[in-house]
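Listed below, chain by chain, are the residues.
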Amino acid sequence: MLFELLLLNLSTQNIYHGKLKNYSLQTLQNTQNLIQLVQSDEDENKQDNEGEGKTEGENEDEESIEKILEQQQNQEEEEEFATPYNFAEEQEIPEMFKINGYFRTRFFFFSNLPRLPENRYFNPNYVQSRVRLDPSLKISPTLSLYGQVDILDDVVWGEGINGFTQGEILCDRYNEGRNFASCSGISRMFALKRFWGEIGSILTLPISLSVGRQPVHYGLGIFFNDGNGFRNLWDDAHFGSTRDRISLGIKPTEKFKFDLGFDFLMSEMGETKENLVDPFIIPTIKGDRVEFSLYSGAIYSTSKSTELYFILPYINFRILSELELALEGNLLTGKTNLIPVFGNFSRYSVSAWNLAGRIKWETGLIKLILDGGYASGDDNPRDDKIKSIAMHPDYNAGFILFEDVMARYTAKFGENVDKLFGRGGEYFATRGGVKGAWFVMPTVGIFPFEAIGTYLSIMSAFSNENTLIDPVSGQPAFGKTAKKGLLGVEIDWALKIGIENFEFGTQLGYLIVGDALKSALPQSKNTFKAQLRFTYLF
């Protein structure tokens, strides 16, 4: 009797609590028959025992049965009831392969934008798009593969359509300073730009490994900027720092991490006929309110003609829950001949530094931001000293001055150097990065809803050395000596509206040219820029 009740108890639990998988209807019917059989047997035993006293064994059986029924009742109260046909509980299957990314389209409208080499102003209107795919494959809990593919990468609408010619043959290396990636040898229609693998843990130890061509971002992004996402307040990222890298990460505690590795910058199989590598080390300390890291690296060539060293300190300090302070510095020193030599010397002596900071205070409704930065200048690009490097072009300071005006003027310098030496022009073309100047930009944002808001910025920028010096001739680009002082004041306004995965908006900017820039140009006009923005995230 006790054995039969145990079997009944097990059967009913398995059926009604979904513990057994893939039950057939026949199995269910057999179990129901078993229940009826046990109940019939109980009735017969009850009739036989009527009028007779209970034995000691029967009392023990009855107590055991009561305990079993009590345990079953308690278990039923704890578990979620399931119908007899809900035999298999649904389990969440981990997503092994997924694709994230975005599609963005921008409509540009300009008034009084500089055009070179004609040295005149024009009013261009054009449209750009980009499709970016970020696929990932999770092979195991610790091993993953990542990639990045760009389709129609900032190709202007109408280019590459006539005769279905490739987009890269329709643009030169600097594109009049427009914010395009280099066209040389890179397809703009479809390009696999990055692909790398990551191991999250090696032998269950707190050690990670990444290998392959991968994005690199650090701090505020003034030296290394991966160009991912939409972190810029104004305009977009167009370039991105990419490295062929082997990196090892060690995290002994939750608040301390230690990264080290190698970047491969050039190969002896290329034009330089020598290897160029960048070993680096990055200790990071992260507390509840403070994060500090120190990116240190060195760039060596096989012939030792290049020996550069850089230090990138970064600190992020959350003073209050709403108030945050971030600072990043760049110091580059050493010697190199990667840049074409203009004088009677074999290589340059490098000593340049940049600094950027941000103070941000935000609540649910109001955002107050103060951005500022300084990039050392060089008033004599023909001597044996390099005293200036541009901030990364994807660190956007403002909307017009550095992003469009200064980018177009310095693009001409880069073209002249490339025509003369065949290389090195990218150092002299800022592509929108801040160089030889400093700026301050306060911003006020109002967001009555999480996805709807507007913000206003006023940026003032100043040159700290003479600007627009042609490195080939060593003379002012337009025959006029530039002054130190105000490059311009820029007033920028934006509206942002988000609906699910869609984002619509507009950005407007007006640049008032300052005396330092006026003195370097044969003519100068204030510039207006408008941008309509459409973005779909997936």
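This one's a predicted model, so the numbers in the text were calculated from it and none came from an experiment.

Focus: the pairing of strand S9 (residues 256-266)
- Inspection of the sheet shows strand S8 (residues 242-253) paired to S9 by 8 bridges, in the antiparallel sense. Along S9, the bridge assignment pairs aspartate 244 with phenylalanine 264.
- Hairpin connection, S8 to S9: the antiparallel pair is bridged by 2 residues.
- The pairing of S9 with strand S10 (residues 276-286) spans 10 bridges and is antiparallel. Bridging across to S10, phenylalanine 256 finds its partner in isoleucine 285.

What to know about the environment of arginine 423
- Relative to the helices and strands, arginine 423 resides in the loop between helix H4 (401-421) and helix H5 (425-428).
- A relative accessible area of 42% means that arginine 423 is categorised as partly exposed.
- The spatial distance from the C-alpha of arginine 423 to the C-alpha of proline 340 is 7.4 Å, given a sequence separation of 83 residues.

Side note on the packing of aromatic side chains
- Applying the stated criterion across every chain yields a total of 31 aromatic pairs.
- Taking 6.1 Å as the distance between ring centres and 70° as the angle between the ring planes, the aromatic pair formed by phenylalanine 103 and phenylalanine 534 counts as edge-to-face. Remark: phenylalanine 534 occurs in strand S21 (residues 527-537) and phenylalanine 103 occurs in strand S1 (residues 97-111); sequence separation between them is 431 residues.
- Residue classification places phenylalanine 103 among the partly exposed positions, given a relative accessible area of 29%.

Section: the confidence of the model for the protein
- Residues of the protein with pLDDT of at least 70 account for 75%, and the chain-wide mean is 81.
- Predicted confidence for residues 79-91 stays below pLDDT 50, and this span has 17 contacts to residues more than four positions away or in other chains.
- Counted against residues more than four places away or in other chains, residues 162-185, with its pLDDT under 50, gives 57 contacts.

Observations regarding the pattern of salt bridges
- Using the criterion set out here, one finds 24 salt bridges in the structure.
- A salt bridge links aspartate 150 to lysine 193, with the nearest nitrogen and oxygen atoms 2.9 Å apart. Of this pair, aspartate 150 sits in strand S5 (residues 143-156) while lysine 193 sits in strand S6 (residues 190-199); the two residues are 43 residues apart in sequence, bridging distant segments of the chain.
- Relative accessible area serves as the criterion here: at 0%, aspartate 150 is assigned to the buried category.
- The closest approach of N and O atoms between aspartate 371 and arginine 358, which form a salt bridge, is 2.7 Å. Residue aspartate 371 is found in strand S15 (residues 366-375), and its partner arginine 358 is found in strand S14 (residues 348-362); the two are separated by 13 residues along the sequence.
- For aspartate 371, a relative accessible area of 4% gives the class buried.

What counts as what
Residues numbered from 1 in each chain as written. Predicted model: local features only at pLDDT ≥ 70, side-chain atom pairs only at ≥ 80, totals over all residues. Heavy atoms only, no water. Pairing = 2+ DSSP bridges. Helix = DSSP H or I, 4+ residues; strand = E, 2+ residues; numbered from the N terminus. Buried < 20%, exposed > 50% of the residue type's maximum accessible area, 1.4 Å probe, protein only. Phe/Tyr/Trp six-rings, centres within 6.5 Å; stacked < 30°, edge-to-face > 60°. pLDDT = per-residue confidence, 0-100. Contact = heavy atoms within 4.5 Å. Salt bridge = Lys/Arg side-chain N within 4 Å of Asp/Glu carboxyl O.

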